[in-house]
Amino acid sequence: PVPALVPLTLIWLGIGEGSKVTLLWIGTFFQLILLIADDARRVPKEFIETGRTLGASAFALMKDVLLRAMLPNMVDSLRITLGWCWTYLLVAEIVASSSGIGYELWTARRYGKTPEVFAGILTIGIIGLASDQAIRFLHRRWFRDTSVTPPDGESFDSVAERVRRARTRIISEYGGQTVLVVSHV
């Protein structure tokens, strides 16, 4: 856990920005890697198999198939780790800093200034909520077409039945080559 590493960062880096950044990096980087690995595992195997069938190189598979399929979930993962980052920032500012909201909050606590403590808590909450909502807004704006909605007046069941009956044909283009892929839904 990150709070257990605070004494070491203080010894090695002292009080200041370097120790704060180090604690934030340690606290979020490894969790983010695990979340992104899960995002990669959730990419449908059919996407990768289709890319291979169409002759994509390993780099093209990574860039054009895997990364594009993972990107919406990666932004969500970044949003989650941003919340953790705020928590670790407060810990770092309380223990390893001489400035910042966490430091001011801790100083107000030390002198029994309850209104200032509440003001600090409210400020942190507003900043955290604003940053979370900003990333949510960007996610909706960047990935509008990733949600599935049926055409007006149709239910999901009728769309699924129509797709089953038609045995959807998907025409895909890759590298200038047009390939007909028949999906058995």
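The structure presented is a predicted model; accordingly, all values stated were derived computationally and were not measured.

## Observations regarding the overall build of the chain
What the chain contains, in helices and strands, is seven helices and two strands. Start at the N end of the chain and walk to the C end: the helices and strands fall as α-α-α-α-α-α-α-β-β. Going through the 185 residues of the chain one by one, you find that 24% of them count as buried. Within the chain, residue pairs in contact and separated by at least 24 positions form 53% of the contacts whose partners lie at least 6 positions apart. Total accessible area on the chain stands at roughly 12,800 Å², and carbon and sulfur atoms take up 64% of it.

## Remarks on the pattern of salt bridges
Applying the stated criterion across every chain yields a total of seven salt bridges. Salt-bridge contacts for Glu93 lead to Lys20; the nearest nitrogen and oxygen are separated by 3.7 Å. A residue pair is termed long-range when its members are at least 10 positions apart, and Glu93 in helix α4 (residues 58–95) and Lys20 in helix α2 (residues 17–41) qualify at 73 residues. For the pair shown, Glu93 and Lys20 are each scored as buried. Among the ionic pairs, Asp38 bridges to Arg41, the shortest N-O distance being 2.4 Å. Remark: Arg41 and Asp38 occur in helix α2; sequence separation between them is three residues, near one turn of the helix. Since its relative accessible area comes to 32%, Asp38 is described here as partly exposed. Salt bridges sharing partners connect three or more residues here, namely Glu17, Lys20 and Glu93.

## What about the side chain of Lys20?
Residue class for Lys20 comes out buried when judged on its relative accessible area of 6%. Apart from the residues within four sequence positions on either side, Lys20 is in contact with Leu89, Ala92, Glu93, Ala96, Ser97 and Ser99.

## As for the side chain of Thr81
As for its position among the elements, Thr81 is in helix α4. Among the residues examined, Thr81 registers a relative accessible area of 6% and is labelled buried. A polar side-chain atom of Thr81 sits 3.0 Å from the main-chain carbonyl oxygen of Leu78.

## Brief notes about the packing of aromatic side chains
One pass over the full model with this rule turns up four aromatic pairs. Ring geometry for Trp25 versus Phe30: centroids 5.5 Å apart, planes at 70°, classification edge-to-face. For Trp25, a relative accessible area of 45% gives the class partly exposed. With a relative accessible area of 45%, Phe30 lands in the partly exposed category. What links up through ring pairs into an aromatic cluster is the set Trp25, Phe29 and Phe30. One Lys or Arg, Arg109, reaches over the ring of Trp106 and ends 4.2 Å from the middle of that ring.

## Section: the packing of helix α1 (residues 6–13) against α2
Contact geometry for α1 and α2: axes closest at 9 Å, N-to-C directions at 140°. For the element pair α1 and α2, the recorded crossing hand is right-handed. Of α2, the residues touching α1 (which contributes Val6, Thr9 and Leu13) are Gly18, Ser19, Thr22 and Leu23. Residue classes in the contact of α1 with α2 are distributed as three nonpolar, four polar and no charged.

## Description of helix α6 (residues 114–142)
The end-to-end C-alpha distance of α6, which contains 29 residues, comes to 42 Å, matching closely the 42 Å that a straight helix rising 1.5 Å per residue would cover. Turning to α6, its buried residues are Val117, Gly120, Ile124, Gly128, Ser131 and His139. Looking at the buried residues of α6, the elements they touch are α4 and α5 (101–110).

## Quick notes on the confidence of the model for the chain
Across the chain, pLDDT averages 80, with 78% of residues at or above 70. Element-level mean pLDDT values for the chain span from 41 in strand β1 (residues 169–174) up to 92 in α6. Throughout residues 166–185 the model reports pLDDT below 50, and contacts reaching past four residues in sequence, or to other chains, amount to 29 contacts.

Conventions used here
- Residues numbered from 1 in each chain as written.
- Predicted model: local features only at pLDDT ≥ 70, side-chain atom pairs only at ≥ 80, totals over all residues.
- Heavy atoms only, no water.
- Helix = DSSP H or I, 4+ residues; strand = E, 2+ residues; numbered from the N terminus.
- Buried < 20%, exposed > 50% of the residue type's maximum accessible area, 1.4 Å probe, protein only.
- Contact = heavy atoms within 4.5 Å.
- Areas by Shrake-Rupley, 256 points an atom, 1.4 Å probe, with all protein chains shown as cover.
- Salt bridge = Lys/Arg side-chain N within 4 Å of Asp/Glu carboxyl O.
- Polar contact = N/O pair within 3.5 Å; in protein donor to acceptor, adjacent residues only side chain to side chain.
- Phe/Tyr/Trp six-rings, centres within 6.5 Å; stacked < 30°, edge-to-face > 60°.
- Lys NZ or Arg CZ within 6 Å of the ring centre and 35° of its normal.
- Axes fitted to C-alpha atoms, helices over the stretch in contact; angles between N-to-C directions.
- Left-handed = near helix turned anticlockwise from the far one by under 90°.
- Nonpolar A, V, L, I, M, F, W, Y, C, P; charged D, E, K, R; others polar.
- Expected span 1.5 Å × (residues − 1).
- pLDDT = per-residue confidence, 0-100.

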